[in-house]
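Listed below, chain by chain, are the residues.
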Amino acid sequence: VLNGATIASSTSAAIYVRSADKVFLTTATGTDNTLSNGGEYIAIDDNNIDAVIFSKSDLTLNGTGSLTIVSAEGHGIVSKDDLKITGGTYDITAAGHALSGKDSVRIADGTFILTAEKDGIHAENADDEEKGYIYIADGDFTITSDGDGMDASNIVQIEDGTFDIT
C-alpha cells in the first residue's frame, strides 16, 4: 500500500517484483505518491530491469489515490506477465513506454496522463500470438507519445472511455 510514499532509485527500479504469483500495489485514498529513477539501470541480477515499477509477475494496481512516475531512462510501469489497473490516478512521464505488459495491459477504470518517448500503452508477446493485447473497459486518458498512443502485438479492445491522444 502506497500511503503518501516517495521512492526514488538512482540505479534500479523504485519497486522491483522479482518473484511472486500475483502482486497488488494499492494507492491509499486521498494520497499522492511519487516514484522515480535517476536515469540509469545497473544490473543486480539476470533480469533486464528497465522501469520505475518492474514486475516479473502479474501486477495489479488499484486504489483511489494518485501515483506520479518519472522515468528519466526506461519505462514507467512494466509487467512481464499481465498488467492490470482497476482505478486510481496515474501521471507517468517515461523515456520509454509509459505502461507495458508482455501478456496484456487491462484497464478497468482510472485517470491517466501518459507522456512517453515510445508508446503510451504497450503490450507485446512474441512467444504467444494469443497474448500481447490491450483491453480498456473505461477511463480518462491523455496520451502524448513519440511512438503509438496504444500498441499491441495482438489486439486493442476498448469498451468505453475518454481519449485524447497526440
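How each quantity is defined
- Residues numbered from 1 in each chain as written.
- Predicted model: local features only at pLDDT ≥ 70, side-chain atom pairs only at ≥ 80, totals over all residues.
- Heavy atoms only, no water.
- Pairing = 2+ DSSP bridges.
- Helix = DSSP H or I, 4+ residues; strand = E, 2+ residues; numbered from the N terminus.
- Axes fitted to C-alpha atoms, helices over the stretch in contact; angles between N-to-C directions.
- Buried < 20%, exposed > 50% of the residue type's maximum accessible area, 1.4 Å probe, protein only.
- Salt bridge = Lys/Arg side-chain N within 4 Å of Asp/Glu carboxyl O.
- Core = buried A, V, L, I, M, F, W, Y, C linked by side-chain atoms within 4.5 Å.
- Contact = heavy atoms within 4.5 Å.

Novice: Sorry if this is basic, but what is going on with the sheet that holds strand β12 (residues 104-107) here?
Specialist: By definition, the strands of a sheet pair up through backbone hydrogen bonds, in either a parallel or an antiparallel sense. Read across the sheet, 6 strands follow the order β3-β6-β9-β12-β15-β18 without closing on themselves; strand pairing throughout is parallel. The open sheet is flanked by β3 (22-27) and β18 (156-158), the only strands paired with a single partner. Sheet twist, expressed as the average angle between the axes of neighbouring strands with direction ignored, equals 10°.

Novice: Got a minute to help me understand the pairing of strand β15 (residues 133-136) in this structure?
Specialist: Within a regular beta strand, the side chains point alternately toward one face of the sheet and then the other, so they alternate between its two faces. Only one face of β15 is buried, namely the one carrying Ile-134 and Ile-136, since none of Tyr-133 and Tyr-135 on the opposite face is buried. Pairing of β12 with β15 involves 4 bridges; the strand directions are parallel. Residue Ile-107 lies in a different strand from β15, and its bridge partner there is Ile-136. In terms of strand pairing, β15 meets β18 through 3 bridges, oriented parallel. The residue bridging Ile-136 from the neighbouring strand is Ile-158, located in β18.

Novice: Any chance you could explain the pattern of salt bridges here in plain terms?
Specialist: Pairing between side chains of opposite charge can happen when the charged atoms of each approach one another. With the rule as written, the count across this model stands at 4 salt bridges. Salt-bridge contacts for Asp-45 lead to Arg-18; the nearest nitrogen and oxygen are separated by 3.5 Å. Here Asp-45 is found in the loop between β4 (32-37) and β5 (51-55), whereas its partner Arg-18 is found in the loop between β2 (15-17) and β3, with 27 residues between them in sequence. On the basis of relative accessible area, Asp-45 is assigned to the buried category, the value being 17%. Look at Arg-18 and you get exposed, because its relative accessible area is 53%.

Novice: Explanation requested: the environment of Glu-130 in the structure shown.
Specialist: Residue position: Glu-130 is located in the loop between β14 (121-123) and β15. Sequence separation of Glu-130 and Leu-83 is 47 residues, and the distance between their C-alpha atoms is 16 Å.

Novice: Where do I start with the nonpolar core in this structure?
Specialist: The nonpolar side chains of a soluble globular protein tend to be buried, and buried together. One finds Ile-53, Leu-61, Ile-77, Ile-92, Leu-99, Ile-107 and Ile-121 to be the most contacted residues of the largest nonpolar core, which totals 35 residues. Setting aside residues up to four positions removed in sequence, Leu-61 forms contacts with Leu-25, Leu-67, Ile-77, Leu-83, Lys-84, Ile-85, Thr-86, Gly-87 and Tyr-90. Core analysis: the next-biggest nonpolar cluster, separate from the first, contains 5 residues, Ala-13, Ile-49, Ala-51 and Phe-54 among them.

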